[in-house]
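What follows is the residue order along each chain.
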Amino acid sequence: MIDLDEGNHQPAQSGAAAHDRLKTRQKIALGLVAVFAVGIGLGGFAVHRRDSLEQRERNGVVALVALPRTASLGSPTFQSSTIDAGSDAPKVKLTGHLILINAGPAPITVRRVAAAKGGLSSSSAGEPRLLPLGGTGQLMVELSFECSVGWFEEPLPLTFEVETADKHVREVSYPVDLAGSDWQRVALPNCEHA
């Protein structure tokens, strides 16, 4: 008698067990792939969330520089100057321009500017200005002050209402040094004539 099963000494059930082991290995491999895919998804979500948080923080930062605009071709930047003699102390009203520089990390819109300091008031008269990152623009400002107040001696604290890229409105202050500017050169002679 010839035994054809000479090289195979395993019982007949061993084929089913091998098949079960193969299915188990496939399930483990699929499980590992699924865990790996979930890990990648969660890691990507965490990185995206961190980047979004950093972007929101960056969009909320305001770094604004303001300077009085200088004269060009020898003419002052002021549109008008008038003397208000209706009160006890003479008052001068000027309209001028501020140069605005966006030194922050995101675009901003300067909606208005105001100042109030003993005998002096200021407010914006122009349209809001969109300033791109690193961009500059101008804003028209009306200034009214009593001639008796020496307001050019120290910087004038201006308060700016700024809309940031995240659509939030913030107020930021910036001191503007007007001493020696066209603003002072136009204001002082008008006070002398008051």
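Scroll up for the structure.
Presented here is a report on the structure given in the accompanying data block. Sequence positions are assigned chain by chain, starting from 1 and proceeding in written order. Where totals are concerned, whole chains, interfaces and linings use all residues; where local detail is concerned, this predicted model gives features only for residues with pLDDT of at least 70, and gives and counts side-chain atom pairs only at 80 or more. Excluding hydrogens and water, the side-chain values take into account all heavy atoms of the structure.

## Thoughts on the overall build of the protein
- Only runs of H or I of at least four residues qualify as helices and only runs of E of at least two qualify as strands under DSSP, and these elements are numbered from the N terminus. Helix and strand content of the protein: two helices and nine strands.
- Its helices and strands in sequence order give the protein the pattern α-β-β-β-β-β-β-β-β-β-α, from N to C terminus.
- Relative accessibility under 20% of the residue-type maximum defines a buried residue, over 50% an exposed one, and the middle range a partly exposed one, all with a 1.4 Å probe and only protein chains included. When burial is assessed residue by residue, the protein has 26% of its 194 residues classed as buried.
- The Shrake-Rupley method, run with a 1.4 Å probe, gives the accessible areas here. Residue values count only the displayed protein chains as cover. In the structure as shown, the protein presents an accessible area of about 12,400 Å², 57% of it carried by carbon and sulfur atoms.

## A few points about the nonpolar core
- By size, the foremost hydrophobic cluster in this structure holds 28 residues, and its most contacted members are Leu64, Leu98, Leu100, Val110, Phe145, Leu158 and Phe160.
- Of all the elements in the fold, those that place two or more residues in this core are β1 (64-68), β3 (91-102), β4 (108-117), β7 (136-146), β8 (156-164), β9 (169-176) and α2 (182-192).
- Setting aside its immediate chain neighbours within four residues, leucine 158 contacts Leu98, Val113, Ala114, Ala115, Ser122, Val172, Ser173, Tyr174 and Val176. To form a nonpolar core, buried Ala, Val, Leu, Ile, Met, Phe, Trp, Tyr and Cys residues must be joined to one another through side-chain atoms within 4.5 Å. The contact definition used throughout considers only heavy atoms, calling two residues in contact when any of these lie within 4.5 Å.

## Regarding the environment of alanine 114
- Relative to the elements of secondary structure, alanine 114 occurs in strand β4.
- Contacts of alanine 114, omitting those with residues within four sequence positions, involve Ser122, Ser123, Pro157, Leu158 and Thr159.

## Side note on the pairing of β4
- Here a strand pair is declared whenever DSSP counts at least two bridges between the two strands. Looking at chain direction, β4 and strand β6 (residues 129-131) are connected through three bridges and run antiparallel. From the neighbouring strand, isoleucine 108 faces β6, where its bridge partner is leucine 131.
- Taken together, the six bridges between β4 and β8 define a ladder with antiparallel strand orientation. If you follow valine 110 over to β8, its bridge partner there is valine 162.
- By the bridge criterion, four bridges tie β4 to strand β5 (residues 120-124) in an arrangement that is antiparallel. Within the sheet, the bridge partner assigned to lysine 117 lies in β5 and is leucine 120.
- Where β4 folds back on β5, the antiparallel hairpin that results is connected by two residues, among which glycine 119 adopts a positive phi of roughly 85 degrees.

## A word on the pattern of salt bridges
- We define a salt bridge as a contact between a side-chain nitrogen of Lys or Arg and a carboxyl oxygen of Asp or Glu at a distance within 4 Å. The full count for this structure, using the stated rule, is six salt bridges.
- A salt bridge links glutamate 161 to arginine 112; its shortest N-O distance comes to 3.3 Å. You can see glutamate 161 sitting in strand β8 and its partner arginine 112 sitting in strand β4, a full 49 residues away along the chain.
- Judged by relative accessible area, glutamate 161 falls into the buried class, the value being 17%.
- Sharing partners across several salt bridges, the network here consists of Arg111, Arg112, Glu161, Glu163 and Glu171.

## Regarding the pairing of β5
- As paired elements, β5 and β7 share five bridges and run antiparallel to each other. By the bridge assignment for β7, leucine 120 is matched with phenylalanine 145.

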